[in-house]
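# Structure at a glance
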Amino acid sequence: MDYIKTRTIMTKSDQGKRWFGIDYHMNLYKGCSYGCIYCDSRSDAYHIDNFDKITSKLKALEILEEELASKQYKGVISFGTLSDPYNEEEEKHEITKGALELIKKYGFGVSIDTKSDLVLRDIELLKEIQENNNVIIKISITTYNDELANFLEPNVISSTKRFKVVEELNKNGIYAGVLITPVLPFVTDTEDNIKRCVEKSKMSGAKFIYTKMGMTLRKKVREYYYEHIDKLYPGLSNDYQSVYEKNLVCNPLRYRDLLEVFINECNKNHILCDMSEIIADYKREIPTREQISLF
Ligand code: SF4
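The notes below deal with the structure included here. (Residues numbered from 1 in each chain as written. Predicted model: local features only at pLDDT ≥ 70, side-chain atom pairs only at ≥ 80, totals over all residues.)

### Considering the site of the ligand
Around the ligand, the surrounding shell consists of Cys32, Tyr34, Gly35, Cys36, Cys39, Ser41, Ser83, Asp84 and Lys115. Grouping the constituent residues of the shell around the ligand by class yields 4 nonpolar, 3 polar and 2 charged. (Near = placed C-beta within 6 Å. Nonpolar A, V, L, I, M, F, W, Y, C, P; charged D, E, K, R; others polar.)

Here you go:
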């Protein structure tokens, strides 16, 4: 694996209310080899050349430790917005694991997005972090259908296995749920898919399900996606072009109906799906040292 120079690892986030109550962002890796054909991180906007090749940041853990030591507010740090933190290099290099050890040492919380079962390796660490701060794990699943998932996300474990990861995390007391994202127009935007994903989430003990019920198609991602989706559904890119030619955000044509189906199914199954309710549910008050000593 190659390394790139960097000065900073953590950045402050102002997206907390809209995205799982996070306080900081962190990407330890650049690029991802999971090959999802819709991946937004391929876009020019993020300036990652050769996206399928994973690189990491030189002295990432040393820089991170300095940053953690200097921060007063022990908030929740988000992993995995631009690259899966449990990518194919993590098993060997353990950079995500190293970061979790530092996060435990300095008492921060974590919010992790992943499609990999390697997260199960770190269950004990996550439990220890959870003793002092908040932890939330989001397993991203686009379809219940393993065959379709294998085409859309060729190097990722099956959806069935991902639901099992949610189950295993929750069995171990780690707050975990499902991100149904993206929802691909003409491909995964069916009532059947939404209902089956909610049903399987329920069976796996998911604490929440969240979806934005659409996808983004920025420059470079759009071309890549069209090329690949046409292999599965010849000519489908023409439908995208006629409906979404100028759209960055591409919502399904039945967006409102599908959202209603989704919310009804979540309510019926007693699973949280509203962002503010999810944040309130997983974030508990962490007593300060002063409060603990008073107690
Ligand atoms: S796992 Fe995430 S970062 Fe990696 S290719 Fe898929 S969508 Fe992109």
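### Section: the sheet that holds strand β5 (residues 55-57)
One open sheet accounts for 3 strands, arranged β1-β5-β4; its pairing is mixed. Where the open sheet ends on each side, the last strands, each with one partner, are β1 (2-4) and β4 (29-30). Bridge count for β1 against β5 is 3 bridges, and the pairing is parallel. When the bridges of β5 are listed, Asp2 appears paired with Thr55. (Pairing = 2+ DSSP bridges. Helix = DSSP H or I, 4+ residues; strand = E, 2+ residues; numbered from the N terminus.)

### Side note on the packing of helix α1 (residues 60-70) against helix α3 (residues 95-106)
When two helices pack together, their arrangement is given by the angle between their axes and by how far apart the axes lie. Across the interface, α1 lies against α3 with an axial gap of 10 Å and an inter-helix angle of 20°. It follows from the interaxial angle that α1 and α3 lie roughly parallel. Where α1 crosses over α3, the handedness of that crossing is right-handed. Residue-level inspection shows Ala60, Leu61, Leu64, Glu65, Leu68 and Ala69 of α1 in contact with α3, the latter providing Ile95, Gly98, Ala99, Leu102 and Tyr106. Here the residues of the contact of α1 with α3 are counted per class, giving 9 nonpolar, 1 polar and 1 charged. (Axes fitted to C-alpha atoms, helices over the stretch in contact; angles between N-to-C directions. Parallel < 35°, antiparallel > 145°, perpendicular 65-115°, else oblique. Left-handed = near helix turned anticlockwise from the far one by under 90°. Contact = placed C-beta atoms within 7 Å.)

### Considerations on the sheet that holds strand β10 (residues 209-210)
Read across the sheet, 7 strands follow the order β2-β3-β6-β7-β8-β9-β10 without closing on themselves; strand pairing throughout is mixed. Every other strand in the sheet has two partners, leaving β2 (10-12) and β10 as the edge strands with one partner each. Here strand β7 (residues 109-114) runs beside strand β8 (residues 135-140); their pairing, made up of 5 bridges, is parallel. Each residue of the ladder has a partner; that of Asp113, found in β8, is Lys138.

### Quick look at unusual backbone geometry
Looking along the chain, the bond that leaves Thr181 and enters Pro182 is cis, with omega of -5°. Examined against the element boundaries, Pro182 turns out to sit in the loop between β9 (176-179) and α7 (191-203). Positive phi, normally seen in glycine, also occurs at His47, with a value near 55°. Its location among the elements puts His47 in the loop between β4 and β5. At His270, a position not held by glycine, the phi torsion is positive, near 55°. Within the fold, His270 resides in the loop between α10 (255-268) and α11 (275-282). By C-beta crowding, His270 is classed as exposed, having 7 other C-beta atoms within 10 Å. (Buried ≥ 20, exposed ≤ 12 C-beta atoms within 10 Å, placed from the backbone.)

### Digging into the environment of Ser276
In this fold, Ser276 is placed in helix α11. We classify Ser276 as exposed; it has 11 C-beta atoms within 10 Å. Between the C-alpha atoms of Ser276 and Lys220, which are 56 residues apart in sequence, the distance is 33 Å.

### Looking at the nonpolar core
The nonpolar side chains of a soluble globular protein tend to be buried, and buried together. Ile77, Val110 and Ile137 are the most contacted members of the largest nonpolar core, which totals 73 residues. Apart from the residues within four sequence positions on either side, Ile77 is in contact with Met10, Tyr24, Met26, Ile103, Phe108, Gly109 and Val110. (Core = buried A, V, L, I, M, F, W, Y, C linked by C-beta atoms within 7 Å.)

### What about the pairing of strand β6 (residues 76-79)?
On β6, burial covers both faces: Val76 and Ser78 on one face and Ile77 and Phe79 on the other are all buried. Here strand β3 (residues 24-26) runs beside β6; their pairing, made up of 3 bridges, is parallel. Opposite Met26, over in β6, you have Phe79 as the bridge partner. Both β6 and β7 contribute to a ladder of 4 bridges, which runs parallel. Its bridge partner lying in β7, Ile77 is registered against Val110.

The values reported here are purely geometric and, on their own, carry no functional implication.
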